[in-house]
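# Chain and residue survey
Each chain, letter by letter, is given below.
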Amino acid sequence: MKLGIVGLPNVGKSTLFNAITQAGAESANYPFCTIEPNVGVVAVPDERLNKLAEMYEPEKITPAIIEFVDIAGLVKGASKGEGLGNKFLSHIREVDAIIHVVRCFEDSNIVHVDGEIGPKRDIETINFELIFADIELIDKRIDKTAKLLKTGDKKYKDEMATLQKIKENLENGITARSIDFTDEEKPFLKELALLTIKPIIYAANVSEDDFANGIENNVMVKEVEQIAAKENSEVLPISARIEEEVAQLDDEEKVMFLNELGIEESGLDRLVKKSYSLLGLISYLTAGKPEVRAWTITKGTKAPQAAGKIHTDFEKGFIRAEVVAYDDLMACGTYAAARDKGLVRLEGKEYVMNDGDIVLFRFNV
């Protein structure tokens, strides 16, 4: 899973990236500090792996991972090549979802590219640039499809109707992710690879004081929440500065620090959970003496395809899966005890995987 962190210059984007990845991307008080995208690979926090490790004492523990890409700041006119526009747009195309950092704090020492704080305006600036880029893409596809209509194939008539529907919405300032598409239209959307259809989480970056004392009275966060609700996006209130402090602490100090602030989870933990939910992802687990490992799959994945995440041969030669739910294994204490109680199931090719399934795949190649 690859997540792109975007935002206008000086909204706390690179500070947040540094904190959650500890990758040390340069952060400075001027636009375009991040010229090439910085990439950080982050382990997905999963306490289940630690519990399984206590049980199996494996040689290694391998968590699932998320790749975060810190993408250069954007300004008005990016779709026309202004600032670092073309690079910005090309890097956005490569990610699965967008983390849009929106500034929701006042600080006279940190300049704003537009001179004053305005979450709604900031969101619209980026959305409009992505919309303009999508309109350009749609216009090119309409020209291509218009020529293919002459073949008389109904497929191209349907494609043209979908393209016109998308263009009309985009021209009215409506992102593709806000449009209702039919089941018949959805496969065509994947082919189009629109920028504004990518799932988005708005990271509402608040001050340390606001985050520690509660964000209920932060009108800027409420503004972001209203926008997100209209387009079925997610909002994550976060303080990049607090995350920056948390990143410097060891595990024990981190827990104490978060407790003092009355926070149960770090921003990274909350961001990962929202990202998984947004993209419809779950994790299944494999456990043994050599390795305890988490594997990321899409909800609804069947056992053979889940096995294919480990190796293509596992999918090709799939025979069955031995499955026990994580909670059942923990309650029993050992795999043997779970099996004796009939909690280890033999599942076939039609079995749909669940989050937290602990699996041993049987295959023959």
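Preceding block: the structure.
Attention in this report is confined to the structure presented alongside it. Note that the coordinates shown come from a computational prediction; the quantities given were computed from them, not determined experimentally.

The rules behind these values
Residues numbered from 1 in each chain as written. Predicted model: local features only at pLDDT ≥ 70, side-chain atom pairs only at ≥ 80, totals over all residues. Heavy atoms only, no water. Patch = residues over 30% accessible without salt bridge, like charges linked within 9 Å, V, L, I, M, F, W, Y side chains within 5 Å. Areas by Shrake-Rupley, 256 points an atom, 1.4 Å probe, with all protein chains shown as cover. Salt bridge = Lys/Arg side-chain N within 4 Å of Asp/Glu carboxyl O. Lys, Arg positive; Asp, Glu negative; His and termini not counted. Charge placed at Lys NZ, Arg CZ, Asp CG, Glu CD. Helix = DSSP H or I, 4+ residues; strand = E, 2+ residues; numbered from the N terminus. Buried < 20%, exposed > 50% of the residue type's maximum accessible area, 1.4 Å probe, protein only. Pairing = 2+ DSSP bridges. Axes fitted to C-alpha atoms, helices over the stretch in contact; angles between N-to-C directions. Contact = heavy atoms within 4.5 Å. Polar contact = N/O pair within 3.5 Å; in protein donor to acceptor, adjacent residues only side chain to side chain.

## Digging into a negative patch on the surface
Residues Asp-250, Asp-251, Glu-252 and Glu-253 make up a contiguous surface patch of negative charge. Within the fold, Asp-251 resides in helix H10 (residues 251-261). Take Asp-251: its relative accessible area is 61%, and that puts it in the exposed class.

## Topic: the sheet that holds strand S1 (residues 2-6)
In space, the 6 strands of this open sheet follow the order S2-S4-S1-S5-S6-S7, with mixed pairing throughout. Single-partner strands in this sheet number two, and they are strand S2 (38-43) and strand S7 (234-238). Averaged over all neighbouring strand pairs, the angle between strand axes comes to 25°, with direction disregarded. Note: S1 against strand S4 (residues 65-70), 4 bridges, orientation parallel. Paired with Ile-5 across the two strands is Asp-70, which belongs to S4. Those strands touched by helix H4 (residues 119-148) are S1, strand S5 (97-103) and strand S6 (200-205), and its axis lies near 145° from that of S5. Docked against the sheet, helix H8 (residues 219-230) engages S5, S6 and S7, running at close to 160° with respect to S7.

## Structural notes on the environment of Ser-266
Topologically, Ser-266 is positioned in the loop between H10 and helix H11 (267-279). When the C-alpha positions of Ser-266 and Val-255 are compared, they lie 9.0 Å apart, and in sequence the two are 11 residues distant. With residues up to four places along the chain from it excluded, the contact list for Ser-266 reads Glu-243 and Leu-258.

## So, the side chain of Lys-13
Tracing the backbone through its elements, the reader meets Lys-13 in helix H1 (residues 13-21). For Lys-13, a relative accessible area of 6% translates into the label buried. At 3.0 Å, the side chain of Lys-13 forms a polar contact with the side chain of Asp-70.

## Digging into the pairing of S6
Summarising burial for S6: 6 of the 6 residues are buried, a large majority. Of the pairings in the sheet, the one linking S6 to S7 comprises 5 bridges and is parallel in character. Directly across from Ala-203, in S7, lies its bridge partner Leu-236.

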